[in-house]
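Structural characterization, general
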Amino acid sequence: GQQLNQSPQSMFIQEGEDVSMNCTSSSIFNTWLWYKQDPGEGPVLLIALYKAGELTSNGRLTAQFGITRKDSFLNISASIPSDVGIYFCAGQGAQKLVFGQGTRLTINP
Amino acid sequence: NAGVMQNPRHLVRRRGQEARLRCSPMKGHSHVYWYRQLPEEGLKFMVYLQKENIIDESGMPKERFSAEFPKEGPSILRIQQVVRGDSAAYFCASSLVADPTYEQYFGPGTRLTVT
């Protein structure tokens, strides 16, 4: 089945640092999405990408949809404590979402 | 406008019992999706339903699992004769339209523990 490989699995950074994570797929997706999940909650959409090569920002977050439609990255600039959580990439095929394994972000104050 | 609601938030069942998970989509949404999340993993698609119809159940185990979304009332994910491997968080999402440009909004999940 379709699978997304997300890296790194975990990150330990200092407050104020920039963060970068990425996702690759063996399949083409027409839509790439980035979610954040806090403990005990469902995922919340951060950024949606609909066009190959598209670069989209949402505040301190920037994401790009790879030109081959098989990869995407998410950058977070100037991290703050509330950025702590698990970040998931997802590719949308038909109606269902295919999720990566997640990147767990821990921030040392 | 209330978000996606799921209940119960936590459910404990003994092996062999039945588990019933409920999902009320956002107001006006007629498309519902169920996902399962094992510890330390991403969410895995199970089933996509539109009112009274199952559209895609390719991710749902063939035995013991069933889902419905009746004309009135919430969507139900039913797991019969639960086993320890069914312990997971089950998330429901809903969307207004079945189009990738329309966001799937997720509920808070039901955490099922099988003892």
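Just so we're clear, the structure is a prediction, and the values are computed from it rather than from any experiment.

What counts as what
What you see as residue numbers is a count from 1 along each chain, following the sequence as written. All chains are assigned letters beginning at A, and all ligands numbers beginning at 1, according to the order in which they are written. Thresholds applied to this predicted model are a pLDDT of at least 70 for local features of residues and 80 or more for the giving and counting of side-chain atom pairs; totals over whole chains, interfaces and linings are not thresholded and use all residues. Only hydrogens and water are set aside; all other atoms, that is, all heavy atoms of the structure, feed into the side-chain values. At least two bridges found by DSSP between two strands is the condition for calling them paired. Per the convention used, a helix needs a DSSP run of H or I reaching at least four residues, while a strand needs a run of E reaching at least two, with both numbered from the N terminus. Each axis is a line fitted through C-alpha atoms, and for a helix only the stretch in contact is used; angles between axes span 0 to 180 degrees, taken between their N-to-C directions. Stacked, tilted and edge-to-face are the three classes applied to pairs of Phe, Tyr and Trp rings, where Trp contributes its six-membered ring and a pair requires centres within 6.5 Å; stacked means planes under 30 degrees apart, edge-to-face means over 60, and tilted covers the rest. Between buried and exposed lies partly exposed: a residue is buried under 20% and exposed over 50% of the maximum accessible area for its type, with that area taken using a 1.4 Å probe on protein chains only.

Attention now goes to the sheet that holds strand S8 (residues 71-76) of chain A. Residues and elements named next belong to chain A. Spatially, the five strands line up as an open sheet ordered S1-S3-S8-S7-S6, and their pairing is antiparallel. Here the strands that pair on one side only, and so sit at the sheet edges, are strand S1 (4-7) and strand S6 (55-58). Strand-to-strand twist across the sheet, computed as the mean angle between neighbouring axes with direction ignored, equals 15 degrees. Note: strand S7 (residues 61-65) against S8, five bridges, orientation antiparallel. Note that in S8 the partner of Gln64 across the bridge is Phe73.

Evaluated as defined, the whole model comprises nine aromatic pairs over all chains. Between the aromatic rings of Tyr35 of chain A and Phe106 of chain B, the centroid separation amounts to 5.6 Å while the plane-to-plane angle is 90 degrees, which identifies the pairing as edge-to-face. Remark: Phe106 of chain B occurs in strand S10 (residues 105-106) and Tyr35 of chain A occurs in strand S4 (residues 31-37); the pair is interchain, linking two chains. Ring plane angle 75 degrees and centroid distance 6.1 Å describe the contact between Phe99 of chain A and Phe106 of chain B, whose orientation is recorded as edge-to-face. In this pair, Phe99 of chain A sits in strand S10 (residues 96-99) while Phe106 of chain B sits in strand S10, so the two residues belong to two different chains. Like Phe99 of chain A, the residue Phe106 of chain B is buried in the burial classification. Taken together through their ring pairs, the aromatic side chains of Tyr35, Phe88 and Phe99 of chain A together with Tyr35, Phe45 and Phe106 of chain B make up a single cluster.

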